[in-house]
Amino acid sequence: ITVCLTTYNGEKFIRDQIDSIICQLSDEDEIIVSDDESTDKTVSIIENYNDKRIKIIKNKKSKGVIGNVESSLEQAKGDYIFLADQDDIWLPNKVEICINALSKYDLVISDCLVIDENRSIIHESFYEVNKSQSNKWMALLKNPYLGCCMAFRRDILDKALPFPENIPMHDIWIGNIAAFFYSVKFIPDKLIYFRRH
């Protein structure tokens, strides 16, 4: 498993997120952190874990959200890739449920609980708020793909990378690649606290 975690000035939340991820990984798994020139303590907090599974890429110049995600994906070695944002929190069964679903599908997307910066639940279901649909043609009109709720097989990177210029967002691109060339499953499980500011 590779978890691709992108960071930028996330010192307030990064510890909660890494703690929620690392306890679900084996010794053979990895977290690829791509940091986009943070000016706070984000990188030092991550370095203090002193865990061989955590590898940090420090961008020499700012790449923005999409370029930062691409940097982490380019370094991923795992057969299964999970995307993660710096300010969310994974629920304890996320990896187990996603890996089980990935035995049948190439990309899975879970639902999530939406929280504010104080961890108060704003919405019980992102699917409901977003009116997410699994129809690939409807997805071209209204994006149902939320990167931090995605896990996928490595094969998808063969078609998804490198990202073309001017894509609207990385998760839209990866989700549509998966929908039109592979198999996608929206699972009902709520597997993360998704933080909205």
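The following paragraphs examine the structure supplied in this document. (Residues numbered from 1 in each chain as written. Predicted model: local features only at pLDDT ≥ 70, side-chain atom pairs only at ≥ 80, totals over all residues. Heavy atoms only, no water.)

Those residues of helix 1 (residues 14-22) not exposed but buried are Ile14, Gln17, Ile18, Ser20, Ile21 and Ile22. Close packing links the buried residues of helix 1 with strand 1 (2-7), strand 2 (30-35), helix 2 (42-47), strand 3 (54-58), strand 4 (80-85) and strand 5 (89-90). (Buried < 20%, exposed > 50% of the residue type's maximum accessible area, 1.4 Å probe, protein only. Helix = DSSP H or I, 4+ residues; strand = E, 2+ residues; numbered from the N terminus. Contact = heavy atoms within 4.5 Å.)

Turning next to the environment of Leu113. Within the secondary structure, Leu113 sits in strand 6 (residues 107-115). The class of Leu113 is buried, set by a relative accessible area of 11%. Those residues in contact with Leu113 that sit more than four places away from it in its chain are Leu91, Ile121, His123, Glu124, Lys190, Ile192, Tyr193 and Phe194.

Across soluble globular proteins, you tend to see nonpolar side chains buried next to one another. One finds Val3, Ile31, Leu73, Phe152 and Ile174 to be the most contacted residues of the largest nonpolar core, which totals 56 residues. Not counting chain neighbours up to four residues away, the residues in contact with Val3 comprise Ile21, Leu25, Glu30, Ile31, Ile32, Phe82, Ala84 and Trp90. (Core = buried A, V, L, I, M, F, W, Y, C linked by side-chain atoms within 4.5 Å.)

Right, let's get into the pairing of strand 9 (residues 184-195). Bridging between strand 5 and strand 9 involves two bridges; their strand directions are antiparallel. In the strand pairing of strand 9, Trp90 is matched with Ile192. Across eight bridges, strand 6 lies against strand 9 in parallel orientation. Opposite Ile109, over in strand 9, you have Phe186 as the bridge partner. (Pairing = 2+ DSSP bridges.)

Moving on, we get to the pattern of salt bridges. The final tally for this structure, using the stated rule, is six salt bridges. Across the pair Asp106 and Arg153 runs a salt bridge, and its minimum N-O distance is 3.7 Å. On the criterion of sequence distance, the pair formed by Asp106 in the loop between helix 4 (94-101) and strand 6 and Arg153 in strand 8 (residues 150-153) is long-range, its members being 47 residues apart. By relative accessible area, Asp106 is classed as buried at 18%. (Salt bridge = Lys/Arg side-chain N within 4 Å of Asp/Glu carboxyl O.)

A few words on unusual backbone geometry. For residues that are not glycine, phi is negative in most cases, and the peptide bond is trans in most cases. For the bond from Leu161 to Pro162, the omega torsion is -10°, close enough to zero to count as cis. Here Pro162 lies in the loop between helix 7 (155-160) and helix 8 (170-181). Its identity is not glycine, yet Asn9 carries a phi of approximately 50°, on the positive side. With respect to the secondary-structure elements, Asn9 resides in the loop between strand 1 and helix 1. Of note in this structure, Asn166 is not a glycine but carries a positive phi near 70°. Mapped onto the elements of the fold, Asn166 is located in the loop between helix 7 and helix 8. Take Asn166: its relative accessible area is 75%, and that puts it in the exposed class.

Aromatic rings in a pair are described by how distant their centres are and how their planes are angled relative to each other. For the structure shown, the criterion picks out four aromatic pairs. When the centroid spacing of 6.1 Å and the interplanar angle of 55° are considered together, the rings of Tyr127 and Phe186 count as tilted. Here Tyr127 is found in helix 5 (residues 126-130), whereas its partner Phe186 is found in strand 9, with 59 residues between them in sequence. When its relative accessible area of 17% is taken as the criterion, Tyr127 is described as buried. Among the aromatic residues, those joined into a cluster by ring pairs are Tyr127, Tyr145 and Phe186. Positioned over the ring face of Trp90 is Lys94, at 4.8 Å from the centre of the ring. Sitting over the ring of Phe181, Lys159 keeps its end group 4.8 Å from the ring centre. (Phe/Tyr/Trp six-rings, centres within 6.5 Å; stacked < 30°, edge-to-face > 60°. Lys NZ or Arg CZ within 6 Å of the ring centre and 35° of its normal.)

So far we have only geometry, and geometry alone does not tell us how the molecule works.
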